[in-house]
Amino acid sequence: MLADSYGRVATDLRVSLTDRCNLRCTYCMPPEGLEWLPKPELLDDDELLRLISIGVTRLGITEIRFTGGEPLLRRGLPGIIAGTTDLHPRPRTALTTNGIGLARTAPALAEAGLDRVNVSLDTLDPEVFEQLARRRRLDDVLSGLAAAAEAGLTPVKVNTVLMRGVNEDSAPALLRFCIDRGYELRFIEQMPLDAQHGWRRDTMITAEEIFDLLEPDFDLQTTDAKNRGSAPAELFHVRGENFPDGRAATVGIIGSVTRPFCGTCDRVRLTADGQIRNCLFAREESDLRAPLREGAGDAEIAERWIAAMAGKLPGHGIDDPSFLQPTRPMSAIGG
Ligand code: SAM
Ligand code: SF4
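Not measured: the values here are computed from a predicted model.

Trainee: Sorry, what's going on with helix α1 (residues 45–58) here?
Mentor: The periodicity of an α-helix, 3.6 residues per turn, causes residues three or four positions apart to be oriented the same way. Relative to the 20 Å expected for 14 residues at 1.5 Å per residue, α1 spans 19 Å between its end C-alpha atoms, a close match to the ideal helical length. For α1, the full list of buried residues reads Glu47, Leu48, Leu51, Ile52, Ile54, Gly55 and Val56. Elements in contact with the buried residues of α1: β3 (12–16), β4 (63–67), α2 (77–85), β12 (267–270), α8 (289–293) and α9 (298–310). A distance of 3.1 Å separates the backbone nitrogen of Asp46 from a side-chain oxygen at the start of α1, and that oxygen is part of Asp44. Looking one or two residues beyond α1, the residue adopting positive phi is Gly60, at roughly 85 degrees.

Trainee: Sorry, what's going on with the pairing of strand β7 (residues 157–161) here?
Mentor: On a regular strand, one side chain projects to one face of the sheet and the next to the other, so that they alternate. Counting buried positions along β7 yields 5 of 5 residues, so the element is predominantly enclosed. The pairing of strand β6 (residues 116–120) with β7 spans 3 bridges and is parallel. Looking at β7, one finds that Val119 is bridged to Val158. Note: β7 against strand β8 (residues 184–188), 5 bridges, orientation parallel. The residue of β8 that forms the bridge with Val158 is Leu185. In this fold, the crossover linking β7 to β8 by way of helix α6 (residues 171–181) has right-handed handedness.

Trainee: Hey, could you run me through the pattern of salt bridges in this one?
Mentor: It is possible for side chains bearing opposite charge to pair when their charged atoms get close. All chains considered together, the criterion is met by 25 salt bridges. Between Arg116 and Glu63 there is a salt bridge, and its shortest N-O distance comes to 3.3 Å. Taken together, the positions of Arg116 in strand β6 and Glu63 in strand β4 put the pair 53 residues apart, joining distant regions of the chain. The burial state of Arg116 is the same as that of Glu63; both residues are buried. Put simply, Asp180 and Arg176 hold a salt bridge, and the shortest N to O gap is 3.2 Å. Of this pair, Asp180 and Arg176 are both found in helix α6, 4 residues apart, which corresponds to roughly one turn of the helix.

Trainee: Please explain unusual backbone geometry as it appears in this structure.
Mentor: With the exception of glycine, most residues fall at negative phi, and the peptide bonds are largely trans. Omega for the peptide link from His88 to Pro89 comes to -5 degrees, which places this bond in the cis form. In this structure, Pro89 sits in the loop between α2 and β5 (92–97). Cis geometry is adopted by the peptide bond preceding Pro155, which originates at Thr154 and carries an omega value of 0 degrees. Residue position: Pro155 is located in the loop between α5 (138–150) and β7. One non-glycine residue, Arg134, lies in the positive phi region at around 60 degrees. Relative to the helices and strands, Arg134 is located in the loop between α4 (126–133) and α5. Look at His197: it is not a glycine, yet its phi comes out positive at around 55 degrees. As for its placement among the helices and strands, His197 is situated in the loop between β8 and α7 (207–214).

Trainee: So what exactly am I meant to see when it comes to the state of the cysteines here?
Mentor: As used in these notes, a disulfide is a covalent bond between sulfur atoms, one from each of two cysteines. Under the defined criterion, the tally for this structure stands at 0 disulfides. The thiol of Cys265 is not disulfide-bonded; the next cysteine sulfur, from Cys279, is found 6.6 Å away. Given the relative accessible area of 19%, Cys265 is considered buried. Here Cys279 is not disulfide-linked; the sulfur of Cys262 is the nearest cysteine sulfur, at 6.3 Å.

Trainee: When you look at the site of ligand 2 in this model, what are you seeing that I'm missing?
Mentor: With respect to spatial proximity, the complete set of residues near ligand 2 consists of Cys21, Leu23, Cys25, Tyr27, Cys28, Gly69 and Asn98. Its residues assigned to classes, the shell around ligand 2 shows 5 nonpolar, 2 polar and no charged.

What counts and what doesn't
- Residues numbered from 1 in each chain as written.
- Chains lettered and ligands numbered in written order.
- Predicted model: local features only at pLDDT ≥ 70, side-chain atom pairs only at ≥ 80, totals over all residues.
- Heavy atoms only, no water.
- Helix = DSSP H or I, 4+ residues; strand = E, 2+ residues; numbered from the N terminus.
- Expected span 1.5 Å × (residues − 1).
- Buried < 20%, exposed > 50% of the residue type's maximum accessible area, 1.4 Å probe, protein only.
- Contact = heavy atoms within 4.5 Å.
- Polar contact = N/O pair within 3.5 Å; in protein donor to acceptor, adjacent residues only side chain to side chain.
- Pairing = 2+ DSSP bridges.
- Right-handed = clockwise from strand over helix to strand, strands pointing away.
- Salt bridge = Lys/Arg side-chain N within 4 Å of Asp/Glu carboxyl O.
- Disulfide = S-S within 2.5 Å.
- Near = heavy atom within 4 Å.
- Nonpolar A, V, L, I, M, F, W, Y, C, P; charged D, E, K, R; others polar.

These figures capture arrangement, not role.
See below:
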């Protein structure tokens, strides 16, 4: 088991498939992009599948989420998904993507065994999209979303980050759009994980504000917090609204900063260059690539992975005066 010294057990593995991206969201990357990891440092598909297999068959991982950077840019993605879903016990699989290219690839990903997707979408206004993502690709994202639903990658979830003075007005329209199409919308508080270090505690839009932005248009009723488990989203029922399939409509608000859920965290991360991070905000990583390439056996790699989890801190400490942003930005860690 991947247990830490606070009694938490990691069962949810987030795998970053690349640090590259075809968008430049302002809360994530600078306009010029980043210095990408050199190819020889990246795990190849076989190395990646070996580590995933060790996680699933020896260490109790039951859920794999592929992310990045933009995971759809990884050429071997269908094969990686197929290799993962062939494992016993079969883990659940999900993909977090900006949706560009999904219109074309969704059927193949479903065929390979992918269970569901989260698509990031911060606005429905093409101009605001371009301002935020620095690319004019809104239509690609919308067609990607529709293709994912069509391919049965459900429930399709939508992730939204609100930026003050940029897209906060988009919140009610996004919820309307998602309810009408059966997509489950989750707002995520902006976190200090951008490469440019532009995040400010005093200007970020809080979970409470997100609730207030939706309230004039929707009647939100909190669901039973006791059932939240390790899920980070605080889930609300949207009273009087149903998804097209008849389920009661919901919206999630993830207060990563103001309502941290570190106490029930069940996540562990593997970067595209083979480093284990026991927390998004960890300042240290544990290298599994070197032992892997030096011929270590599965048992030794599993031991190193277990050791990497033991030092997981109780919380991210964003509100501590001593907080230091991790050296790697979100796009290189795997969001
Ligand atoms: N490129 C893919 C995408 O955008 O969905 C996957 C990687 S991205 C880093 C994963 C998620 O992290 C996205 O939903 C994105 O909106 C979110 N994200 C990126 N930077 C963030 C930040 N500083 N604070 C909160 N969420 C962030
Ligand atoms: Fe790319 Fe995702 Fe970062 Fe946007 S949030 S720049 S889509 S990695």
